[in-house]
Amino acid sequence: MNKDNGSDRNNIPVLRVVNMSKGFGKVQALKDVNLEIHRGEVMGLLGDNGAGKSTLIKIIAGNFRADKGELYLDREKVAFNSPAEARGAGIETVYQNSEICVNATVAANFFIGRELCGKIPGFRLLKEGTMQKETEEVLSDIGIDVPSVTAKMGFLSGGQRQAIILGRFFHWGGRLALLDEPFAALGVAESRKGLKLMRQLSERGLPIILITHNIEHAFAVATKFIILRHGEVVGKGSVEDVTADDVVAIITGATHITK
Ligand SMILES: Nc1ncnc2c1ncn2[C@@H]1O[C@H](COP(=O)(O)OP(=O)(O)OP(=O)(O)O)[C@@H](O)[C@H]1O
Ligand SMILES: [Mg+2]
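Cut-off values and rules
- Residues numbered from 1 in each chain as written.
- Chains lettered and ligands numbered in written order.
- Predicted model: local features only at pLDDT ≥ 70, side-chain atom pairs only at ≥ 80, totals over all residues.
- Helix = DSSP H or I, 4+ residues; strand = E, 2+ residues; numbered from the N terminus.
- Buried ≥ 20, exposed ≤ 12 C-beta atoms within 10 Å, placed from the backbone.
- Contact = placed C-beta atoms within 7 Å.
- Near = placed C-beta within 6 Å.
- Nonpolar A, V, L, I, M, F, W, Y, C, P; charged D, E, K, R; others polar.
- Expected span 1.5 Å × (residues − 1).
- Core = buried A, V, L, I, M, F, W, Y, C linked by C-beta atoms within 7 Å.
- Pairing = 2+ DSSP bridges.
- Axes fitted to C-alpha atoms, helices over the stretch in contact; angles between N-to-C directions.

(A) Here's a closer look at the overall build of the chain. Along its length, the chain carries nine helices and ten strands. In the chain, which comprises 259 residues, the proportion classed as buried is 40%. Contacts spanning at least 24 positions in sequence make up 65% of the contacts within the chain whose residues lie at least 6 apart.

(B) Quick look at the site of ligand 1. Taken together, Phe24, Val27, Ala29, Gly47, Asn49, Gly50, Ala51, Gly52, Lys53, Ser54 and Thr55 make up all the residues around ligand 1. Elements with a minimum of two residues in the shell around ligand 1: strand S2 (27–37) and helix H2 (53–60). Ranked by the residues each element gives to the shell around ligand 1, the list is headed by H2, at three residues. Among the residues forming the shell around ligand 1, the class breakdown is four nonpolar, six polar and one charged.

(C) Structural detail: helix H5 (residues 128–141). In a regular helix each residue adds 1.5 Å, so 14 residues correspond to 20 Å; H5 covers 20 Å between its end C-alpha atoms and thus fits that length. Positive backbone phi, at 75°, marks glycine 143, one or two positions downstream of H5.

(D) Molecular detail of the nonpolar core. With 67 residues, the main nonpolar core has Met43, Ile60, Leu178, Ile208, Leu210 and Ile227 as its most contacted residues. Leaving out residues up to four positions away in the same chain, leucine 210 has contacts with Val42, Met43, Gly44, Leu45, Leu179, Ala218, Val221 and Ala222.

(E) How the structure looks around the pairing of strand S1 (residues 15–24). Bridging between S1 and S2 involves seven bridges; their strand directions are antiparallel. Across the sheet, residue lysine 22 finds its bridge partner in S2, namely leucine 30. Count of turn residues in the S1/S2 antiparallel hairpin: two residues, of which glycine 25 carries a positive phi of about 60°. Note: S1 against strand S4 (residues 68–73), five bridges, orientation antiparallel. Pairing of serine 21 across the sheet is with lysine 68, part of S4.

(F) Spatial organisation of helix H6 (residues 158–172). With 15 residues, H6 ought to run about 21 Å at 1.5 Å a step, and its terminal C-alpha atoms sit 21 Å apart, in line with that. Counting buried positions along H6 gives eleven out of 15 residues, so the element sits mostly inside the fold. Those residues of H6 lying buried are Gln160, Arg161, Gln162, Ala163, Ile164, Ile165, Leu166, Gly167, Arg168, Phe169 and Phe170. Packed against the buried residues of H6 are strand S6 (91–94), helix H4 (106–110), H5 and helix H7 (188–203). The positive-phi residue at the C-terminal boundary of H6 is glycine 174, with phi of around 130°.

(G) Spotlight on the sheet that holds strand S7 (residues 176–180). Taking strand neighbours across the sheet as the criterion, the six strands line up as S6-S7-S8-S3-S9-S10 in an open arrangement whose pairing is mixed. The open sheet terminates on both sides in strands that have one partner only, identified here as S6 and strand S10 (232–238). When the angles between neighbouring strand axes are averaged without regard to direction, this sheet yields 15°. Pairing geometry for strand S3 (residues 42–46) and strand S8 (residues 208–211), over four bridges, is parallel. Residue pairing in the sheet places valine 42 in a bridge with isoleucine 208 of S8.

As structure tokens, this is what we get:
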């Protein structure tokens, strides 16, 4: 673990969202949303269906442009025109239905967009053996069981596919991790594994924003939370200061705490 608590670096938010607003026609999906996340923090991004959670993640990940507001990465103002630009800046995203190629092998999916190529001029020779070996090592390192890294993704169960997507994501890491309902297709044991991976990553300093409808999952990993309702922030703070019942009351609109 190399958690550099107390250093100046930890005082600068890795991500700061300032007065972010986004509308879709008559629907105001986000209204003046502010948040910040530091190294080693896991933020639970909570709220009912349609609260604006995915919209916020998609703006940070370069899928949507905001109508108003700013994004800062380590104090630098950024505006992404595409998911590739956000990925280039170190923002990795996992969605419930993340992209996979069902006809390609586990190893090929693990290395998608980052394929290792041999150096023969004029040829694009994939180093398949090396990629398979590395995939095997990484998956066994982080405790993900698959029948074989040469199996086609299409033959794996929904939970196994999602575990590989999570493994790929955690392995390539980055500067900021965004997870939108990553465990929705996973069973109890696989979700636990996913939560454990998240904790390990955050202990190494990676800031993570986790969208989940599962309050138990949020409390298992989050250090802080933010709650959206109809696009507005209706609650935020440290998980230590609230109970699960408090959070549910804010999500459903029974109580407001911080604005
Ligand atoms: N591409 C889009 N076009 C039109 N409206 C959209 C679009 N994306 C989201 N919205 C609307 O914006 C609002 C917020 O949606 P969003 O997907 O951010 O909610 P959410 O909090 O992620 O909900 P859920 O928990 O159901 O995933 C909703 O009213 C939704 O219908
Ligand atoms: Mg959503």
